[in-house]
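# Close look at the chain arrangement
Here's the letter readout for the chains.
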Amino acid sequence: SCELWGFSFCLVIQYTCTKTKQVCPILDRGEGNTFACCSINQLNSLEKSLTLSKAVLVRCPSCAENFAHLHCINTCSPNQSQSVKVTKIMNVTNSQGKTREAVVAYQSFLSTTFADGSFQSCKNVRIPATGGFAISTMCGRYGAKLCTPQRWYDFQGDSSNGLAPLDIDFQLIPEGVTAGLPAGVVPYNGRALKCNETTPTGGQVCSCQDCQESCPVLPNPPLPPGPFRLLGTDGFLVIAIVLFCLLVFAYLLYLVVSCWVASKKRKYEAQGKTKGKGKDQNSNDVTERVIHPSEVTCTDKNSLAAHALLSSMFQYWGTLMATYPLTVIVSAFATGLMNIELTTDPVELWSAPNSRARQEKDFHDTHFDPFFRTNQLILTAPDRKGHVYDSLLFGPQNFSGLVSKDLDIEFWSDDLNRTASLKDVCFAPLNPSNPSVTDCAVNSLPQYFQNSLDNINAKVNMTELGVTKEVDWRDHLIYCVNSPLSFKDITDLGMSCMADYGAPVFPFLAVGGYQNDDYTNAEAFILTFSLNNFARSNPKFKVALQWEKEFLKIVQEYQANPKNNFTFAYMAERSLEDEINRTTAEDIPIFMISYAVIFVYIAVALGEYSSCKRILVDSKFLVGLGGILVVGCSVLASMGFYSWIGIPSSLVILQVVPFLVLAVGADNIFIFVLEYQRDVRKPGEKREEQIGRVLGNVAPSMLLCSLSESVCFFLGALSTMPAVKSFALYAALAVLMDFILQMTAFVALLSLDARRQDNNRCELLCCVTVSTQRPNKPNEGLLLPIMRKYYAPVLLHRYTRFLVMMVFIFMFCGSLFFMFNVKVGLDQELAMPKGSYMLKYFEYLYKYFEVGVPVYFVTKKGFDFTTVEGMNAVCSSVGCDQFSLTQKIQYATDYPDREREREACLFKCMRNPPDGVLRPTKEQFNRYLPSFLSNRPDLQLTQLVSLLPAASRFMAYHTPLTNSQEFTAALLKARELANDITEGMRKVPGTSPDFEVFPYTVTNVFYEQYLTIVPEGLFNISLCLLPTFVVCCLLLGLDLRSGLLNLITIIMIVVDTVGVMTLWGIDYNAVALINLVTAVGISVEFVSHMTRSFALSTKPTHVERAMEATANMGSAVFAGVAMTNLPGILVLAFAKAQLIQIFFFRLNLVITLLGMAHGLIFLPVVLSYFGKCSLKLKHCGTVYLSNVHCGRFKTLQLFHNS
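Thresholds applied
- Residues numbered from 1 in each chain as written.
- Predicted model: local features only at pLDDT ≥ 70, side-chain atom pairs only at ≥ 80, totals over all residues.
- Heavy atoms only, no water.
- Helix = DSSP H or I, 4+ residues; strand = E, 2+ residues; numbered from the N terminus.
- Buried < 20%, exposed > 50% of the residue type's maximum accessible area, 1.4 Å probe, protein only.
- Contact = heavy atoms within 4.5 Å.
- Areas by Shrake-Rupley, 256 points an atom, 1.4 Å probe, with all protein chains shown as cover.
- Phe/Tyr/Trp six-rings, centres within 6.5 Å; stacked < 30°, edge-to-face > 60°.
- Lys NZ or Arg CZ within 6 Å of the ring centre and 35° of its normal.
- Disulfide = S-S within 2.5 Å.
- Axes fitted to C-alpha atoms, helices over the stretch in contact; angles between N-to-C directions.
- Parallel < 35°, antiparallel > 145°, perpendicular 65-115°, else oblique.
- Nonpolar A, V, L, I, M, F, W, Y, C, P; charged D, E, K, R; others polar.
- Left-handed = near helix turned anticlockwise from the far one by under 90°.
- Lys, Arg positive; Asp, Glu negative; His and termini not counted.
- Salt bridge = Lys/Arg side-chain N within 4 Å of Asp/Glu carboxyl O.
- Polar contact = N/O pair within 3.5 Å; in protein donor to acceptor, adjacent residues only side chain to side chain.
- Core = buried A, V, L, I, M, F, W, Y, C linked by side-chain atoms within 4.5 Å.
- Domains from an automatic or database assignment.
- Pairing = 2+ DSSP bridges.
- Bend = angle between axes of the 7 residues up to and from the residue.
- pLDDT = per-residue confidence, 0-100.
- Expected span 1.5 Å × (residues − 1).
- Patch = residues over 30% accessible without salt bridge, like charges linked within 9 Å, V, L, I, M, F, W, Y side chains within 5 Å.

Now for the overall build of the protein. Broken down by element type, the protein carries 35 helices and 24 strands. Counting every position in the protein, which comprises 1202 residues, the buried fraction comes to 53%. Residue pairs at least 24 apart in sequence account for 74% of intrachain contacts in the protein once pairs closer than 6 positions are excluded. Surface accessibility of the protein: about 53,500 Å² in total, with carbon and sulfur atoms responsible for 59%.

Right, dumping it as structure tokens:
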């Protein structure tokens, strides 16, 4: 049997027996019974060959055993002649000059059962450094995907692979087939171990990552909660329909009951029980009955007392301000603007310092440095045709038109190093202390050739399976994209695949737009420059910004070159902030035009225009300008104060707060000025006294709105989101300051203007007077008569009221349904202006990138990695815990489409034990770790990891994420996985109870807010709604009904706004939340003035009081809020920034239109049905209340507008 190798059939001697047990334990039959047909030299040679191959299979002992099994049978089995047939013998001369025959080629006959079993045990074994399969390095051109048992053995038997000592032709024969077999040949049919079996030598079962059969049976993860459903349909739709039916039923029931009560009342009056004339205190006949003091309710008393007190106070104050016009100095606050700080850092703007994501980012950045700055270029060549390359080693391969050697991309410029050297700012992971340009982490496809043209142009003739052919850059590229961590390819080129900075370039980060790992057929090149992310206070931060500026300049110049034949998208780390700042600067004129349009409207609309000759006298240009200045001063005062105390501002505040204060301020201005114009000075009354009297009449309403809004915004500052919090603080103080300045400076300004008007002096030409006198009668203007004569009667007709109620109930219920379907998030491309180069970059990013952002699972201090239990709790190789850290990450990847994961391992300078479980002692761990972390990767050390005593991290990649909803979901799932890992690792003996694992992704700080923004928004808006109810009740003398109707209407405006957001494609996010808080404030202006006017009306019926309030106050609100906001908002439609178009134009337009509709249509109708009952007073020009003690007042005179 041993004639094949020229040895006699022999009993192995003691030394050889020991060696045989080490190399080929499958042949060991015990001392005295172990036979082998090979010499000690052959055993040494076989051991060397097996060591090289088993190095990539060591994670799975049964696979390594099966691999050695076959070659031991072929080399040393005493029965080898039964399964091996020599095909080629040559005379060879040894070192001693002796010539002898040697076998250089043979056939090996294997049973397919054994071959398939061996292959199955090895096909899933991974190489941790690459995340790929070990079989891909042992199957030649076919890689892991196309590898089969036959191809696997063919590669093992090919002497050109550098591992096989001779050519072996493996013949796989199905069981029972004998046809075609040489005489005496019996295909070897030993038993191949399964990967979930222990080996005879004590090797443990393979880990789950390397063997599917070893994986525990995991329950399928719970399905994500499906849509809320009731009765087989959308649950929210059912709720909306049910609510609509209930509200309509309640309304109809109210109408029926009201009709029945009215019928009874008419019948009662017809019987003469209540009909008749009464007498007033002067014994005059009145058509209405005299109210006895005992009939005046406590609510009426409180309302009258509150109104009287506020009116008297503001009347005195207004008379004082008009008598002594003041110049209000706001410079004390405004000087704080010298210290103003605009927050442009997105992290500071949207992530609270005490938020979980922010704390995790700070921990990660402290222990591992901040995530590097990314500068990226994505290139495509859509018009270039691809080709098929017939590789000697890898067979036919598809190459896209982009993957071509003659596509020479040379946009590199010396300018990049002239003002800001790359080596000074680049991320150099393997030489951070003193990097050269070649140490900089630049990821690109040419890095497989170390960015060397000589390597790209290299060619060599190579013989494979008897075929000689030229191999070139394409063969090297094909090999490298499948084995990126190789330091030497399998071609005769012998080039490394590692980048020139010493790290691997993973193909999924270098190319994009490929299918099924067909990297050479990719549609896009991805070139990435990584820079250190210096702190903003570090001088090198400005150097990095300068380098990125030059990078963008060069790329843009190259893009503009008409000679280039490809398209590309690009970005720098600074691009997002640059584009936001650029578009903000470009849109400033739009905002200025918007404010100018509002100013022109205010100046024109405030004028009286009693005759053509008095146009210049009756115009209110300076009053309008003064009103705008009051708004501007209030905003400046707010900004100055907060700058003083160190609360930073932002561009959002600069854009939103002036708009909000202008809406509030303009409304108050119109109410005050129009009330003054509609009033007639009494005989003997001074101008100043008239102004004070008018102010006393309207200032309580102005106070009601301003105080509600200011308290609303101060409570909104309880938000945890920095942008919302700072906006609320700035807005609250600005609204308060606006009211104060209106009660002082604007009153004085109106007094001066009234003095000028009384003297018939022109406004801009004050020295010029006109002879036409001002008529001594109320100037109702154009709007008030229309509202009184046409609008209010039509609106409050009984059929119109019914229609209005039905329409607004339907709007509310429909909006409630749409509110539950609003999208939460803010896609980053919306922050970019139309036409920005970043929009094309985002398009290419989502189209061509095959992996998402990196995610690190970071461990905090408190876990001992030096113990065996500690190592087993984090690793994923043989002997590791089935639910270790990396195993759980692997289990998580079974459910997404694909996650690539790298783990931290330590295999260096240690011999693999028989059971395959390599664990260093604590001494060995501490001895080898520093060397492992500091050495540059080479053929002996092929991976860099971050593993520190205080913290360590394990890297993976998210699947591609394209919108904020996916980023938020990824964050949530990563945290769930990290929490599960934390609970498992805390069970390891010696682990601190506060030990924690958390996921870190650079985007977490931006998307964490969306995990809580819905409850956060409900909390903030609820806080804002509370003062609108409380203040309204208090200032109306504990009038709960008016406060409740006020609150319900504002809630309906907010709900309808969110519903329209869904229909118009406006996502709910922090910017939208700021606008919704603003909506509450603006809604107060639309609603509260009307509610107060109705509550204090003395008309006998609800409908008449609603008509009076609609005509008198509704006209002022329409002119002051709606018509002030709308022109300015419409101008914003021309802004370039999508953020402004969506969240300032669209959303503010919706808020204004809905506020106007509810305040001027719905609210009067609701008040006509459910408003507070009429005050128990007799109304006939001047109303006297006798013998009714409300506080200290015995006689109360109310001024009215009829």
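Now for the packing of aromatic side chains. Counted by the stated rule, this structure contains 42 aromatic pairs. Here the aromatic rings of phenylalanine 863 and phenylalanine 865 are separated by 5.0 Å at their centres, their planes lie at 70°, and the arrangement is edge-to-face. Accessibility classification places phenylalanine 863 together with phenylalanine 865 in one group, the buried group. For the cation-ring pair, lysine 860 lies above phenylalanine 363, with the distance from its terminal atom to the ring centre recorded as 5.2 Å. Directly above the ring of phenylalanine 1094 sits arginine 1105, whose terminal nitrogen or CZ lies 4.2 Å from the centroid.

Before going further, it helps to spend a moment on the state of the cysteines. Taken as a whole and assessed by the stated rule, the structure comprises 10 disulfides. Put simply, cysteine 38 and cysteine 76 are joined by a disulfide, and their sulfur atoms are 2.0 Å apart. Here the disulfide of cysteine 38 and cysteine 76 is right-handed, its torsion about the S-S bond being about 110°. You can see cysteine 38 sitting in the loop between helix H1 (14-23) and helix H2 (40-54) and its partner cysteine 76 sitting in helix H3 (residues 61-76), a full 38 residues away along the chain. A relative accessible area of 9% means that cysteine 38 is categorised as buried. Disulfide partner of cysteine 426: cysteine 440, at an S-S distance of 2.1 Å. The S-S bond linking cysteine 426 to cysteine 440 shows a torsion near -70°; that makes this disulfide left-handed.

Time to look at the packing of helix H17 (residues 575-605) against helix H20 (residues 651-678). The geometry of H17 relative to H20 is characterised by a closest axis approach of 11 Å and an angle of 5° between their N-to-C directions. One way to sum up the angle between H17 and H20 is to call them roughly parallel. Listed contacts from H20 to Asn581, Thr584, Phe591, Tyr595, Ile598, Tyr601, Ile602 and Ala605 of H17 are Leu651, Gln655, Pro658, Phe659, Leu662, Ala666 and Phe670. Among the residues forming the contact of H17 with H20, the class breakdown is 12 nonpolar, 3 polar and no charged.

We now examine the packing of helix H21 (residues 687-716) against helix H33 (residues 1070-1095). The N-to-C vectors of H21 and H33 enclose an angle of 155°; their axes lie 9 Å apart at closest approach. Considering their axes alone, H21 and H33 lie roughly antiparallel with respect to each other. As for how H21 packs across H33, the hand of that crossing is right-handed. Note on element contacts: H33 touches H21 through Val1077, Thr1078, Val1080, Gly1081, Val1084, Glu1085, Ser1088, His1089 and Arg1092, opposite Asn697, Pro700, Ser701, Met702, Leu704, Cys705, Ser708, Glu709, Cys712 and Phe713. Taken together, the residues of the contact of H21 with H33 break down into 9 nonpolar, 7 polar and 3 charged.

Another aspect to go through is the environment of arginine 574. By the secondary structure assignment, arginine 574 is in the loop between strand S19 (567-571) and H17. Between the alpha carbons of arginine 574 and leucine 545 there is a distance of 7.0 Å; along the sequence they are 29 residues apart. Excluding residues within four positions of it along the chain, arginine 574 makes contact with Arg373, Leu545, Gln546, Glu548, Lys549 and Leu552.

Time to look at unusual backbone geometry. Look at aspartate 369: it is not a glycine, yet its phi comes out positive at around 75°. Positive phi is not limited to glycine here, since asparagine 516 has a value of about 55°. Within the secondary structure, asparagine 516 sits in the loop between strand S17 (511-512) and strand S18 (524-531).

A few words now on the side chain of arginine 953. Structurally, arginine 953 can be placed in strand S23 (residues 952-957). No salt bridge forms around the buried arginine 953; measuring N to O, its nearest opposite-charge neighbour aspartate 365 is 7.4 Å away. At 2.8 Å, the side chain of arginine 953 and the side chain of histidine 364 are in polar contact.

For leucine 1132, the position within the fold is in the loop between helix H34 (1102-1131) and helix H35 (1138-1170). Counting along the chain gives 12 residues from leucine 1132 to phenylalanine 1144, while the straight-line C-alpha distance between them is 7.3 Å.

This part covers the nonpolar core. Core analysis: the biggest nonpolar cluster contains 147 residues, and Val657, Phe672, Phe713, Phe727, Met1061 and Phe1143 have the highest contact counts within it. Domain assignment of the residues forming this core places at least three in each of domain 2 (308-341 + 580-821 + 1012-1170) and domain 4 (837-917 + 949-1001). Residue contacts for phenylalanine 1143: discarding those within four places in its chain leaves Leu826, Ile1066, Asp1067, Asn1069, Val1071, Ala1072, Asn1075 and Asn1148.

With mixed pairing, 3 strands are arranged side by side in an open sheet as S1-S2-S5. Each edge of the sheet is formed by a strand with only one pairing partner; in this case those strands are strand S1 (84-93) and strand S5 (167-173). Averaged over neighbouring strand pairs, the angle between their axes works out to 20° when direction is ignored. Its contacts with the sheet put helix H4 (residues 112-122) on strand S2 (99-111) and S5, and the angle it makes with S2 is roughly 90°.

In this section: H35. Each α-helix winds once per 3.6 residues, and so residues spaced three or four apart point in a common direction. Along its length, H35 shows its largest kink, about 40°, at phenylalanine 1162, and proline proline 1164 lies within four residues downstream of that point. Burial of H35 is extensive: 28 of the 33 residues sit out of reach of the surface.

Below, the discussion takes up the confidence of the model for the protein. Chain-level statistics for the protein give a pLDDT mean of 79 and a share of 81% at 70 or above. Low pLDDT, under 50, characterises residues 273-284; the predicted model gives this stretch 19 contacts beyond four residues in sequence or across chains. Within the model, pLDDT remains below 50 along residues 326-332, and this stretch shows 8 contacts once partners closer than five positions in the same chain are excluded.

It is worth spelling out helix H19 (residues 621-644) at this point. The terminal C-alpha atoms of H19 lie 34 Å apart, and with 24 residues this matches the ideal 34 Å at 1.5 Å per residue to within 8%. Residue glycine 646 follows H19 closely and has a positive phi angle near 85°.

Our focus in this paragraph is a nonpolar patch on the surface. Together, Phe249, Leu253, Val257, Trp260 and Val261 give the surface a local cluster of nonpolar side chains, amounting to about 520 Å² of exposed area. Looking at where valine 261 falls in the secondary structure, it is placed in helix H6 (residues 235-270).

Moving on to the pattern of salt bridges. For the structure on display, the rule yields 21 salt bridges. Because the salt bridges share partners, they merge into one network encompassing Arg356, Glu360, Arg975 and Glu1008.

The subject of this paragraph is the environment of isoleucine 1013. Position of isoleucine 1013 relative to the elements: it lies in helix H31 (residues 1009-1035). Isoleucine 1013 sits in the buried class, given a relative accessible area of 0%. When the C-alpha atoms of isoleucine 1013 and methionine 721 are compared, they prove to be 9.0 Å apart, with 292 residues separating the residues in sequence. Leave out the neighbours within four places in its chain, and isoleucine 1013 touches Met721, Val824, Tyr1068, Asn1069 and Ala1070.

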